[in-house]
Amino acid sequence: VIDAGETVDLVLSVTNTGASASGVVSLVLRTTTAGVTIADSLASVGVVGSSATVAASDPVRVSFASSMSDEAVASFTLVVKNGGVATWTDKFKKEVHAPSLSLVKLRIDDTATGNGNGVVDAGENFVLYYKLKNFGTGASTVMSAVLEDLDNGFVFTDSLDTFPALSAIDEA
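Reading guide: rules and limits
- Residues numbered from 1 in each chain as written.
- Predicted model: local features only at pLDDT ≥ 70, side-chain atom pairs only at ≥ 80, totals over all residues.
- Heavy atoms only, no water.
- Helix = DSSP H or I, 4+ residues; strand = E, 2+ residues; numbered from the N terminus.
- Core = buried A, V, L, I, M, F, W, Y, C linked by side-chain atoms within 4.5 Å.
- Buried < 20%, exposed > 50% of the residue type's maximum accessible area, 1.4 Å probe, protein only.
- Contact = heavy atoms within 4.5 Å.
- Pairing = 2+ DSSP bridges.

Caption draft 1: Here's a closer look at unusual backbone geometry. Of note, the phi angle at Ser51 is positive, near 60°, even though the residue is not glycine. Of note, Ser51 is situated in the loop between strand E6 (42–47) and strand E7 (53–55). Backbone geometry at Ile169 places phi at a positive 65°, although glycine is not the residue there.

If you want it as structure tokens, here you go:
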């Protein structure tokens, strides 16, 4: 599983479907997907025998931006070189997972210092309860929130909150 914001090492494998062994095989990974950066695009495989599958001896390193959306698709092109000459090109895709947070509950409690009707009245103190839910397929990190009044109609006694890391479909 690849999460947005991660850097991963991918170990690539090749299969020789031919009747004879290959020369020395090397790999070059490329992408044009926005938010995906290949830090190390080269991998060495060596000689691949007939009907054999061989994993590269070193991984390629790929970074996925934290700004990538949930279930974004990263497309890759793999250039297979035999004896330094490009002999095959393969394409593959990887899905990127990311959190998708939404406010799912908002409740006003004015019973302690107000009339208890659940509506904010002028001059009334109240407690605001809320929940966030992660509708994404990727986990969120620990988060902090600052409650702001865009119209300057409220005075906050505590406008800071923290939320734990939320796995997919989890809420807090």
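Caption draft 2: Broad picture of the nonpolar core. Core analysis: the largest hydrophobic core is formed by 25 residues, its most contacted members being Leu27, Val62, Phe64 and Val96. Looking at this core, the elements that each hand over two or more residues are strand E2 (7–10), strand E4 (24–30), E6, strand E8 (60–64) and strand E9 (72–82). The dominant element in this core, judged by the number of residues it contributes, is E9, at five residues. Apart from the residues lying within four places of it in its own chain, the contact partners of Val62 are Glu6, Thr7, Val8, Leu10, Leu29, Val36, Thr37, Ile38 and Phe76.

Caption draft 3: Expanded view of the pairing of E8. Every second residue of E8 is oriented toward a common face, the buried set being Val60, Val62 and Phe64 and the non-buried set Arg61 and Ser63. Of the strand pairs in this sheet, E2 and E8 are connected by four bridges, and their pairing is antiparallel. Across the sheet, the residue bridging to Asp9 is Arg61, located in E8. Here four bridges tie strand E5 (residues 36–40) to E8, and the two strands are oriented antiparallel to one another. When the sheet's bridge partners are listed, Val36 is paired in E8 with Phe64.

Caption draft 4: The arrangement of the sheet that holds strand E1 (residues 2–3) in detail. Strand order across the open sheet formed by five strands is E1-E10-E9-E4-E6, with mixed pairing between neighbours. One side of each edge strand has no neighbouring strand; the edge strands of this open sheet are E1 and E6. Here five bridges tie E4 to E6, and the two strands are oriented antiparallel to one another. In the strand pairing of E6, Ser26 is matched with Ser44.

The values are spatial; any link to function lies outside them.
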